Amino acid sequence: FCRCSLFIPPDSIAISLSLLQVQPKAPLLQILRVAGAQEDVFTLKEVMHYLGQYIMGKQLYDKQRQHIVHCQDDPLGELLEVESFSVKNPRYSIQENLGMEVEDVRPEALLEPCKLCRVRPRNGNIIHGPTAHLLTCFPCARRLHKFQAPCPGCGKIIQKVIKIFIL
Ligand SMILES: [Zn+2]
Ligand SMILES: [Zn+2]
């Protein structure tokens, strides 16, 4: 294969991460709906925006220290399994706490070879619903689809496989 296809300019990784979209699961989606969200798929920035709207709308923040959010007796508290949290706290990780499908967001993973044959580059995108996993080469991905195997990343049914070209 052409080795040049393995070269990914650092700029393109930054762009793809900022465009990364997540599909919140039901409990989080309900909260985002309350805040006025219409979509099913969001960027992380949009999720944080709607969460902010939700916290403001329901006045969950501490009146004195506004970076503290009290969420006991609220669906948000049930979701995060905490009574209160600080929005300043860097350990407050939306990926871990909100049950969102943000998996393996490692740009360097693109540079690793196919997870199955370990030879060819990862250019076979496995599509399931509005999300996809990029962890195999196109021939391996196509083979999985042909034999109706589930996605090796998450076990979902593979709907489609496409070949990716990184320019
Ligand atoms: Zn492969
Ligand atoms: Zn998958």
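The structure this text deals with has already been given above.
What comes next is a walk through the structure. (Residues numbered from 1 in each chain as written. Chains lettered and ligands numbered in written order. Predicted model: local features only at pLDDT ≥ 70, side-chain atom pairs only at ≥ 80, totals over all residues. Heavy atoms only, no water.)

1. So, helix α2 (residues 26-34)
Line of reasoning, step 1. Along α2, the residues classified as buried are Leu-28, Leu-29, Ile-31 and Leu-32. Looking straight down α2, one finds its buried side chains confined to an arc of 160°; they lie on one side. The exposed set on the far side of α2, more than 90 degrees from its buried face, consists of Ala-26, Gln-30 and Val-34.
Line of reasoning, step 2. Within two residues after α2, Gly-36 carries a phi angle of roughly 100°, on the positive side. (Buried < 20%, exposed > 50% of the residue type's maximum accessible area, 1.4 Å probe, protein only. Helix = DSSP H or I, 4+ residues; strand = E, 2+ residues; numbered from the N terminus. Arc of directions from axis to C-beta.)

2. With respect to the coordination of the zinc ion (ligand 2)
Line of reasoning, step 1. Taken together, the protein donors to the zinc ion (ligand 2) comprise His-128 (NE2), His-133 (ND1), Cys-151 (SG) and Cys-154 (SG), at separations of 2.0 to 2.4 Å.
Line of reasoning, step 2. Around the zinc ion (ligand 2) sit four donor atoms, and with donor-metal-donor angles ranging over 100 to 115° the site reads as tetrahedral.
Line of reasoning, step 3. On the primary sequence, the residues serving as donors to the zinc ion (ligand 2) are separated as H-x4-H-x17-C-x2-C. In this pair, His-133 sits in strand β6 (residues 131-136) while Cys-154 sits in the loop between α6 (138-146) and β7 (160-163), placing the two residues 21 residues apart along the sequence.
Line of reasoning, step 4. Residue classification places His-133 among the buried positions, given a relative accessible area of 14%. (Donors = N, O, S within 2.8 Å, 3.2 Å for Na, K, Ca; no water. Tetrahedral: all angles 85-135°; square planar, octahedral: opposite > 155°, others 65-115°.)

3. What to know about the packing of aromatic side chains
Line of reasoning, step 1. A full pass over the atoms with the stated rule returns one aromatic pair.
Line of reasoning, step 2. On the numbers, 5.9 Å between centres and 80° between planes, the contact of Phe-42 with Tyr-50 is edge-to-face. Tyr-50 shares its class with Phe-42; the two are buried.
Line of reasoning, step 3. The ring of Tyr-61 has Lys-63 sitting right over it, with the charged end atom 5.5 Å from the ring centre. (Phe/Tyr/Trp six-rings, centres within 6.5 Å; stacked < 30°, edge-to-face > 60°. Lys NZ or Arg CZ within 6 Å of the ring centre and 35° of its normal.)

4. Comments concerning the coordination of the zinc ion (ligand 1)
Ideal geometry at a metal centre: 109.5 degrees between donors when four sit tetrahedrally, and 90 or 180 degrees when six sit octahedrally.
Line of reasoning, step 1. Summarising the metal site, the zinc ion (ligand 1) is bound by the protein donors Cys-114 (SG), Cys-117 (SG), Cys-137 (SG) and Cys-140 (SG), whose distances to it range over 2.3 Å.
Line of reasoning, step 2. Angles of 98 to 116° at the metal separate the four donor atoms of the zinc ion (ligand 1), which places the site in the tetrahedral class.
Line of reasoning, step 3. Summarised as a motif, the one-chain spacing of the donors to the zinc ion (ligand 1) is C-x2-C-x19-C-x2-C. Of this pair, Cys-114 sits in the loop between α5 (94-97) and β5 (124-128) while Cys-137 sits in the loop between β6 and α6, placing them 23 residues apart in sequence.
Line of reasoning, step 4. For Cys-114, a relative accessible area of 0% corresponds to the buried category.

Geometric descriptors of this kind do not, in isolation, establish any biological role.
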